[in-house]
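Structural features, examined
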Amino acid sequence: MTLISFVVPAFRVQGYLRECLDSILDQPVADIEVIGVDDCSPDDSGEILAEYAARDRRLHAVRLPRNVGLGPARNIGLDRAVGEYVWFVDGDDWLAPDCLPEVAERLRATRPDVLLVDHVRTHWNNAASPSAMAEVFPEPPGEETFRLRDRPETLRLLHTAWNRLVHRQFLLDQGLRFAPGWYEDVSFSYPVLMAADRIGVLDRVCVNYRQRRAGAITRTRGDRHFEVFEQWHRVFRLMDSWGPAVDDLRPAVFERMIWHYLTVLGNGDRIAPELRPAFFAQITADHARWLPPGGYPAPEGTEGLKHRLVAAGRWRTFSALRTAYRARDAARRTARGARRRVAPRARRAARLARDTLLREYYRAELRRPVDPALAVYAAYWYRGYSDNPAAVFEAARRLAPEVRGVWIVRRDRVHTVPEGVEYVVAGTPAYYRALARARWLINNVNFPDFVRKRPGTVHVQTHHGTPVKVMGLDQQRYPIGAVGMDFAGLLRRVDRWDYSVSANSFSSQMWERAYPAGYTTLEVGYPRNDRLVTATAEEVLRLRAGFGLGLGEQVVLYAPTHREHLPGYRPPFDPERLLDVLGPAARLLMRSHYFHDRDRRTRRPAERERVRDVSGHPRVEDLYLVADALITDYSSAMFDYAVLDRPIVVYAPDWEAYRLARGVYFDVTAEPPGAVATSFTGLLDLFRAGEVDSEAARKARQRFRARFCALDDGHAAERVVRRVFLGEQPSMDGAPGC
């Protein structure tokens, strides 16, 4: 028999849903099922549920024809559940590892109607704050079960659906379901506790309650927060229908209602200033309507004063009190900030006078009008003309010739700029002027912190690869690979983005999670890969000739990634031994990661007769086109090269160490684009046995291409230009799989 049915509604949670599902399905408990309910989500949440259902029969995916909201979606999952207990887990939260055996043991030992579990609030900056469990139960109840009237303090635990497992038959017998609308947990969680004869508490953190930086209802302003009143009205109407049996619980429930109302009112992210008087007036009305005849245990101190002002309907006094407290808190924060700024001021004072003057020049240029025809491009921290920005630039010259494109490059990379392309050198007055006045700023990394987001300007983040390793905020969980990262500064830069260009659905999901902000995702394919699709056989022959490669030679490109946590590490690789296996007609191209472009000790491996270092070549697309096969590890090169449908070998000698230290989004050894080797000897054996392009390798490559390359149809740059520069909604008709 199934012990637990997890009901996981999904709506706009594509960036987090995989982590949620993995946290459930990877638990060491067998007798579970997951009902994944796609609430007609406009993102790829439904596709993720279908993907998991196809490979794990414990997950059942339900797609709703229209959006019904969180409460009704949970009801639909409940109707399909067969487990003895039901656990409603939100798609952006996740379970703590290995918590489920203890949960299952407690359920089997005590058979509660409701089992409450502990949680932590996990914030976007990786900080965690505990729940009220320790305050509510200073002495954990242990395996004892109780009724709510025996432990009314239980009401002070967070009133969510996901921190409790409920006996399914108990729900059916009581007829308890979720109501539509926001704050749907209120009219479910409190009645569940009041109706239960056996409540259990497991003092173990089981749920990570994600505090999203963007996209959460609790951080969305609007009048829908007034729906909290109707949810509480449902609670009290139900209590009225139950009669005297719950009269002794009314005071404690009433106190929770007023506490909840004040919590919503006090959150500036929810109630806009113009709506606050009306919200307060409704609190006063509900206070008068539902006040128990014998009163209730009002809190002491400032909170008690708020309750008294609500009872008296004194909005002006309440508002003035709130303003005074906020001013006091702001003064305290200012004082702390002033102390922290002493050291940075000293450092700024030591900067060169030239830099100070140039920044002043930049600020002066910010006061001039934005140039309505100027677009500024950059790539890889000004390393030259390349990557997605270069492809967008070329498409814009063709489709939007009225836009003047200017590149930013380092002085030592000026030679990489093609003839006829306008550029400015980083650090010069022209550089600061261009950054200050451009209407469009396009980059595959972030512009410096000093760059201001001016009204009317558009920032486009093209990224520079489909992510294997974790990125952005996700790196907080892997501090070895994130030494020196300023995550608060990163988010300030991310907040400047208007558009985030994505190569595929997987990237969109990961970017949403790693870089939470209010930008628009352009899931259109990678512009730089257009050339891989449109290149002719004649162009490939010209490129091979330029590299001195003969017609009959087999060309293998080796392109490993950088190890941030091991700066000096290089995977074991002997070019001569590989060439011995490949035979006399083979040539090897070796390309280091761009992070090594100034490291003279590692940038240029020794040239041999049939080995060529191509680390300095400005356009990696040229290398892809001339290569007959690619060897890589955890680099995004595999996603680009897969567009060509040529053999790829994943050479991952340090996979386990890399996965644990640096963090990855998916297992390239389990879902590879071709053959896999975990040792150099194994790599040689793959080539020696011809398994690099075997039937199994080709099938793996086709699966990989279907997942990651479906949008790379040769028109990605055009789609970006039409949306960003021309304001059109680009058509995806030509993209495979769309």
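Residues numbered from 1 in each chain as written. Predicted model: local features only at pLDDT ≥ 70, side-chain atom pairs only at ≥ 80, totals over all residues. Heavy atoms only, no water.

1. Some thoughts on the sheet that holds strand β11 (residues 404-409)
Operational definition: Two strands pair under a simple rule: DSSP has to find at least two bridges between them. Strands here mean DSSP runs of E at least two residues long; helices mean DSSP runs of H or I at least four residues long; both are numbered from the N terminus. Fitting a line to C-alpha atoms yields each axis, with helices limited to the stretch in contact; the angle taken between N-to-C directions then spans 0 to 180 degrees.
On the basis of which strands lie adjacent, the open sheet formed by seven strands has the order β12-β11-β10-β13-β14-β15-β16 and parallel pairing. A strand with exactly one partner marks an edge of an open sheet, and here the two such strands are β12 (423-425) and β16 (520-523). Strand after strand, the sheet turns through a mean of 25 degrees between neighbouring axes, direction not considered. Here strand β14 (residues 458-461) pairs with strand β15 (residues 499-502) via two bridges, running parallel. Looking at the pairing, Q461 lines up with S500 of β15.

2. Observations regarding the environment of D371
In plain terms, the rule: In this description, contact between two residues means that some pair of their heavy atoms is separated by no more than 4.5 Å.
When you line up the elements, D371 lands in strand β10 (residues 371-378). Beyond its immediate stretch of four places on either side in the chain, D371 contacts R404, R437, A438 and R439.

3. Here we look at the pairing of β15
The following threshold applies: Partly exposed describes any residue whose relative accessible area lies between the buried limit of under 20% and the exposed limit of over 50%, with all areas from a 1.4 Å probe on protein chains only and scaled to the type maximum. By definition, the crossover connecting two strands over a helix is right-handed if that path, from the first strand to the second, turns clockwise as seen with the strands pointing away from the viewer.
Burial along β15 is two-sided: Y499 and V501 and S500 and S502, pointing in opposite directions, are all buried. Where β15 and β16 come together, four bridges link them in parallel fashion. Paired with Y499 across the two strands is T520, which belongs to β16. Between the parallel elements β15 and β16, the chain passes through helix α18 (residues 505-514) in a crossover that is right-handed.

4. Section: the pattern of salt bridges
Rules: Any Lys or Arg side-chain nitrogen found within 4 Å of a carboxyl oxygen on Asp or Glu counts as a salt bridge.
Applying the stated rule across the entire model yields 54 salt bridges. One continuous salt-bridge network, built from bridges that share partners, spans D645, D693, E695, R698, R701 and R705.

5. Re the side chain of N75
Checked against the element boundaries, N75 lands in helix α3 (residues 70-80). Here N75 falls in the buried class, since its relative accessible area comes to 8%. The contact partners of N75, leaving out residues within four places of it in the chain, are R177 and F178.

6. Some remarks on the packing of aromatic side chains
Going by this rule: Planes of paired rings set the category: under 30 degrees apart is stacked, over 60 is edge-to-face and the rest tilted, where pairs are Phe, Tyr or Trp rings (Trp by its six-membered ring) whose centres lie within 6.5 Å. Only Lys NZ and Arg CZ are tested; either one counts as a charge over a ring when it is within 6 Å of the ring centre and within 35 degrees of the ring normal.
The full count for this structure, using the stated rule, is 45 aromatic pairs. Put simply, the rings of Y362, Y382, Y431, Y432 and F450 pair up and form one aromatic cluster. A cation over an aromatic ring shows up here: R74 above the ring of F178, its NZ or CZ 4.9 Å from the ring centre. The aromatic ring of F666 is capped on one face by R707, whose charged end is 5.6 Å from the ring centroid.

7. A closer look at the packing of helix α8 (residues 227-242) against helix α10 (residues 276-290)
The criterion, for reference: Working definition: roughly parallel below 35 degrees, roughly antiparallel above 145 degrees, roughly perpendicular at 65 to 115 degrees, and oblique for all remaining angles. In this classification, Asp, Glu, Lys and Arg are treated as charged, Ala, Val, Leu, Ile, Met, Phe, Trp, Tyr, Cys and Pro as nonpolar, and every other residue, Gly included, as polar.
Contact pair α8 / α10: the axes reach a minimum separation of 11 Å and the direction vectors enclose 5 degrees. The angle between the axes of α8 and α10 places the two elements in the roughly parallel class. Taken together, the residues of α10 that come into contact with α8 (itself represented by V228, F229, H233, F236, R237 and D240) are F279, Q282, I283, D286, R289 and W290. Of the residues in the contact of α8 with α10, the class split is six nonpolar, two polar and four charged.

8. Things to note about unusual backbone geometry
Residues other than glycine seldom take positive phi values, yet R111 does so here, at roughly 45 degrees. Mapped onto the fold, R111 is located in the loop between α4 (100-110) and β6 (114-123). Owing to a relative accessible area of 38%, R111 belongs among the partly exposed residues under this scheme. Of note in this structure, Y183 is not a glycine but carries a positive phi near 60 degrees. Turning to its location among the elements, Y183 is positioned in the loop between α6 (168-174) and α7 (186-195).

9. A short note on the nonpolar core
So the rule is basically this: By nonpolar core we mean a set of buried residues, namely Ala, Val, Leu, Ile, Met, Phe, Trp, Tyr and Cys, connected to one another through side-chain atoms within 4.5 Å.
Core analysis: the largest hydrophobic core is formed by 87 residues, its most contacted members being Y377, Y515, V724 and F725. For this core, the element with the highest residue contribution is helix α15 (residues 387-399), accounting for seven residues. Look past the residues within four positions of F725 in its chain and what remains in contact with it is A375, Y377, V392, A396, A400, V403, W440, I442 and V720. One finds F146, L157, V201 and I271 within the second-largest nonpolar core, a separate group that totals 64 residues.

10. Concerning α15
Under the convention used in this document: To estimate the expected span of a helix, count its residues, drop one, and scale the result by 1.5 Å.
For α15, built from 13 residues, the straight-helix expectation of 18 Å at 1.5 Å per residue is met to within 8% by its first-to-last C-alpha distance of 19 Å. Counting buried positions over the 13 residues of α15 gives ten, a clear majority of the element. Among the residues of α15, those classed as buried are D387, N388, P389, A390, A391, V392, F393, A395, A396 and L399. As for α15, its buried residues are in contact with β10, β11, β13 (438-443), α23 (620-626) and α28 (716-724).

11. Structural notes on the sheet that holds strand β18 (residues 586-590)
Taken in spatial order, the six strands make up an open sheet running β19-β18-β17-β20-β21-β22, and their pairing is parallel. What marks the edges here is a single partner per strand, and that holds for β19 (611-613) and β22 (675-677). Averaged over neighbouring strand pairs, the angle between their axes works out to 20 degrees when direction is ignored. As judged from the three bridges shared by strand β21 (residues 648-651) and β22, these two strands associate in the parallel manner.

12. Re the confidence of the model for the protein
This is how it is decided: Each residue gets a pLDDT score, which is the predictor's confidence in that residue and runs from 0 to 100.
Per-chain confidence: the protein averages 91 in pLDDT, with 92% of residues scoring 70 or above. Confidence over residues 594-607 falls short of pLDDT 50; this stretch has 28 contacts with residues more than four positions distant or in other chains. In the model, residues 734-738 has pLDDT below 50 throughout and makes nine contacts with residues more than four positions away in sequence or in other chains.

13. Remarks on the side chain of Q475
Summarising the element assignment, Q475 is placed in the loop between β14 and α17 (487-494). Owing to a relative accessible area of 7%, Q475 belongs among the buried residues under this scheme. When residues no more than four places from it in sequence are discounted, the contact partners of Q475 are V470, G481, A482, M485, F487 and R662.

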